[in-house]
Amino acid sequence: MKNAPIPVLRTDRLVLRPITRDDAESIFSYASDPLVTRYVAWERHKSLEETLRYLDDIVVEGYRRGDYFDWGITTGDSDRLIGTCGFPRVTGVHGFAEMGYVLSRQQWGKGYVTEAARGMIRYGFETLGLKRIEALCRIENAASERVMQKAGMSFEGILRRRLYNGGAHHDVKIYSVINESLP
């Protein structure tokens, strides 16, 4: 896997760009929404200060190390974040990454996450040299499952009690896509 600085990625309608501290209010607006965060792998943000800590501890530090691949999702006509997407876990020695995404509720149903996922898969295979990209969703999260299917991922199975959120462990479905051009 090539370790490269996080680039700006462009799709037909979206710009996926590095996240900055200036994005804190946009992130907090959806990261504090109970409907947006009901299925995610992290706890809902309770304050803007919590969002700023996330930006400093995870994003800024991860970018500095060069091992954090997370993008802010923007539409082509605005630089305001409507969500984030990325690879929260990349294992270069094994050539795989786990993909994740979250989108502001006002933007649901427009195909943005599927478009972003396809862009990330292309980047993961072509630039990072990944062999496998996988994604997880809680069993009841049909919308996320549809994103994975539309992005070309295949269902592999159910991981029992794999995700902890909201004070409980949950079963998840796992999907993946394989880079067939690599041995």
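The structure we're discussing is the one just above.
Before going into details, it helps to say that this report is about the structure given with it.

Cut-off values and rules
Residues numbered from 1 in each chain as written. Predicted model: local features only at pLDDT ≥ 70, side-chain atom pairs only at ≥ 80, totals over all residues. Heavy atoms only, no water. Core = buried A, V, L, I, M, F, W, Y, C linked by side-chain atoms within 4.5 Å. Buried < 20%, exposed > 50% of the residue type's maximum accessible area, 1.4 Å probe, protein only. Helix = DSSP H or I, 4+ residues; strand = E, 2+ residues; numbered from the N terminus. Contact = heavy atoms within 4.5 Å. Salt bridge = Lys/Arg side-chain N within 4 Å of Asp/Glu carboxyl O. Polar contact = N/O pair within 3.5 Å; in protein donor to acceptor, adjacent residues only side chain to side chain.

**Structural notes on the nonpolar core**
Thought 1: In terms of nonpolar packing, the biggest core is built from 33 residues, with Leu16, Trp71, Phe87, Met99, Ile133 and Met153 touching the most fellow members.
Thought 2: If you list the elements that add at least two residues to this core, you get strand E2 (14–18), strand E3 (69–75), strand E4 (83–91), strand E5 (96–103), helix H4 (112–126), strand E6 (132–138), helix H5 (142–150) and strand E8 (168–178).
Thought 3: Per-element tally for this core: the top contributor is H4, with eight residues.
Thought 4: Here methionine 99 is in contact with Gly86, Phe87, Pro88, Ala117, Met120, Ile121, Ile133, Glu134, Ala135 and Met153, once residues within four sequence places are set aside.

**Section: the pattern of salt bridges**
Thought 1: Inspection of the entire model under this criterion finds 14 salt bridges.
Thought 2: In this structure, aspartate 56 and arginine 21 form a salt bridge, with 2.7 Å as the shortest nitrogen-oxygen distance. With a gap of 35 residues between them, aspartate 56 in helix H3 (residues 48–65) and arginine 21 in the loop between E2 and helix H1 (24–31) connect regions that are remote in the sequence.
Thought 3: With relative accessibility at 33%, the residue aspartate 56 sits in the partly exposed group.
Thought 4: With a closest N to O distance of 3.0 Å, lysine 173 and glutamate 145 form a salt bridge. Of this pair, lysine 173 sits in strand E8 while glutamate 145 is found in helix H5, placing the two residues 28 residues apart along the sequence. Across this residue pair, the class does not change: lysine 173 and glutamate 145 are buried.

**A closer look at the environment of aspartate 70**
Thought 1: When you line up the elements, aspartate 70 lands in strand E3.
Thought 2: On the basis of relative accessible area, aspartate 70 is assigned to the buried category, the value being 10%.
Thought 3: For the pair aspartate 70 and proline 88, spaced 18 residues apart in sequence, the C-alpha to C-alpha distance is 7.1 Å.
Thought 4: Among residues more than four places away in sequence, those in contact with aspartate 70 are Ile6, Ile19, Tyr54, Tyr63, Thr84, Cys85 and Gly86.
Thought 5: Polar contacts involving the side chain of aspartate 70 include one to the side chain of tyrosine 54, which spans 3.4 Å.

Shape descriptors only; they carry no functional weight alone.
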